[in-house]
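Commentary on secondary and tertiary structure
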Amino acid sequence: MSTIRLGDEAPNFTAKSTEGEINFHEWLGDSWGILFSHPADYTPVCTTELGTVAKYKDEFDKRNVKVVALSVDGLDSHKGWVLDINETQNTTVNFPIIADEDHKVSELYDMIHPNANNKLTVRSVFVVDPDKKVKLIITYPASTGRNFDELLRVIDSLQLTAYHKVATPANWKSGDDCVVSPSIESKDIPDIFPKGYTEIKPYLRMTPQPDSK
Ligand code: BEZ
């Protein structure tokens, strides 16, 4: 296991999943990706998380994001659990769940934190861009279910800042004003941001979201 940092290439792997064997990079293709881990099958918080992700499929599709979950239980266990998730969360799980019984992927991605639990994965999230670069890493404890609205918000920010010379301020959400990148000189702003800008301080310049109507 080596440390994975933002900007690194997401390590590739081949693994068994509920939708067949996955080669991570091939499976991603030209999409953005989310790889997220779960402590264990048949646990309450994980059940609500996977149901929530299934219901957000349209939101992930709109953003060209493919989602894959992981836990260290086996395929038969995953398949039985999926039936429970579908039943209790009123949805249909529509993404693969990796069966990482040998901990190959969880160790590659440092998803087991022994001082929290030496057998189960924590709630890790990795967002990967179409160049297979790691763009976001978040780690939650087992007892806290993730906020998938926040994950969509960060993906909106990542996609915006990948294609425009802006950053996004605190609590930004799609449609709000953005921060002009510090690398842009004020004299160049009118050409780059025809919607205009406000200079609050020379280092703090705001502009309407470049790609919003
Ligand atoms: C859960 O998913 O509900 C859970 C898993 C491990 C520890 C605590 C909660």
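From a predicted model like this one, the values you see are computed outputs, not experimental measurements.

Considerations on the pairing of strand 6 (residues 123-128)
- A large share of strand 6 lies buried, amounting to six of its six residues.
- Taken together, the six bridges between strand 6 and strand 7 (residues 134-140) define a ladder with antiparallel strand orientation. Across the sheet, residue Val-125 finds its bridge partner in strand 7, namely Ile-138.
- Here strand 6 folds back onto strand 7, and the loop between the two strands holds five residues, one of which, Lys-132, carries a positive phi near 70°.

Some details on the site of the ligand
- Pro-39, Thr-43, Pro-44, Val-45, Cys-46, Arg-123 and Ala-142 make up every residue found near the ligand.
- The backbone of Cys-46 places a nitrogen or oxygen atom 2.9 Å from an oxygen atom of the ligand.
- Between the ligand and Arg-123, the relevant distance is 2.9 Å, taken from an oxygen atom to a side-chain nitrogen or oxygen of the residue.
- When the free accessible area of the ligand is taken as 260 Å², the share hidden by the protein chains comes to 73%.
- It is helix 2 (residues 44-55) that contributes the most residues to the shell around the ligand, three residues altogether.
- Looking at the shell around the ligand residue by residue, the class counts come to five nonpolar, one polar and one charged.

Some remarks on helix 6 (residues 148-163)
- Here helix 6 contains 16 residues, and its C-alpha end-to-end distance of 23 Å stays within 8% of the 22 Å for a straight helix at 1.5 Å per residue.
- Within the sequence span of helix 6, burial applies to Phe-148, Leu-151, Leu-152, Val-154, Ile-155, Asp-156, Ser-157, Leu-158, Gln-159 and Leu-160.
- The N-capping residue of helix 6, defined by a side-chain oxygen 3.0 Å from the backbone nitrogen of Asp-149, is Asn-147.

Section: the sheet that holds strand 9 (residues 178-180)
- Reading across the sheet, the four strands line up as 8-9-11-10 and stay open at both edges, with antiparallel pairing between neighbours. Strands with a single pairing partner mark the edges of an open sheet, and in this sheet they are strand 8 (166-167) and strand 10 (198-201).
- As judged from the two bridges shared by strand 9 and strand 11 (residues 204-207), these two strands associate in the antiparallel manner. Bridging across to strand 11, Cys-178 finds its partner in Thr-207.

As for the UniProt feature "active site" (unreviewed entry) in the protein
- Per the UniProt annotation, the sites labelled "active site" (unreviewed entry) are Cys-46.
- Looking at the secondary structure, you find Cys-46 in helix 2.

Description of the layout of surface pockets
- Each pocket or cavity is described by its volume, and for the largest pocket that value is around 200 Å³.
- Along the walls of the largest pocket sit 13 residues, with Lys-57, Asp-61, Val-65, Lys-66 and Val-67 positioned nearest its centre.
- Taken together, the elements giving at least two residues each to the lining of the largest pocket come down to helix 3 (57-62) and strand 4 (65-71).
- Across the lining of the largest pocket, the residue classes tally to seven nonpolar, two polar and four charged.

Focus: the packing of helix 2 against helix 4 (residues 75-89)
- For the pair helix 2 and helix 4, the least separation of the axes is 9 Å and the interaxial angle reads 70°. Taken together, the axes of helix 2 and helix 4 lie roughly perpendicular to each other. Side by side, helix 2 and helix 4 meet where Cys-46, Thr-47, Thr-48, Leu-50, Gly-51 and Lys-55 of the first sit next to Trp-81, Ile-85, Thr-88 and Gln-89 of the second.
- Across the contact of helix 2 with helix 4, the residue classes break down as four nonpolar, five polar and one charged.

Some words on helix 4
- Here helix 4 is 15 residues long and its end C-alpha atoms lie 20 Å apart, about the 21 Å a rise of 1.5 Å per residue gives.
- Listed in full, the buried residues belonging to helix 4 are Leu-75, His-78, Trp-81, Val-82, Ile-85 and Gln-89. The buried side chains of helix 4 occupy one side of the element, clustering within an arc of 115° when seen end-on. With respect to the buried face of helix 4, the exposed residues turned more than 90 degrees away are Asp-76, Leu-83 and Glu-87.
- Within two residues after helix 4, Asn-90 carries a phi angle of roughly 55°, on the positive side.

A short note on the side chain of Ser-37
- When you line up the elements, Ser-37 lands in strand 3 (residues 32-37).
- Once you skip the residues sitting within four places of it in the chain, Ser-37 turns out to touch Leu-70, Met-111, Thr-121, Val-122, Arg-123, Ser-124 and Arg-146.

Calculation notes
Residues numbered from 1 in each chain as written. Predicted model: local features only at pLDDT ≥ 70, side-chain atom pairs only at ≥ 80, totals over all residues. Heavy atoms only, no water. Buried < 20%, exposed > 50% of the residue type's maximum accessible area, 1.4 Å probe, protein only. Helix = DSSP H or I, 4+ residues; strand = E, 2+ residues; numbered from the N terminus. Pairing = 2+ DSSP bridges. Near = heavy atom within 4 Å. Polar contact = N/O pair within 3.5 Å; in protein donor to acceptor, adjacent residues only side chain to side chain. Areas by Shrake-Rupley, 256 points an atom, 1.4 Å probe, with all protein chains shown as cover. Nonpolar A, V, L, I, M, F, W, Y, C, P; charged D, E, K, R; others polar. Expected span 1.5 Å × (residues − 1). UniProt positions renumbered as here; feature names shortened; annotations may be inferred. 1 Å grid on protein atoms, 1.4 Å probe; cavity = no way out; pocket = protein on both sides within 12 Å on 5 of 7 lines; lining within 4 Å. Points joined across faces, edges and corners; volume = space filled by probe spheres on them. Axes fitted to C-alpha atoms, helices over the stretch in contact; angles between N-to-C directions. Parallel < 35°, antiparallel > 145°, perpendicular 65-115°, else oblique. Contact = heavy atoms within 4.5 Å. Arc of directions from axis to C-beta.

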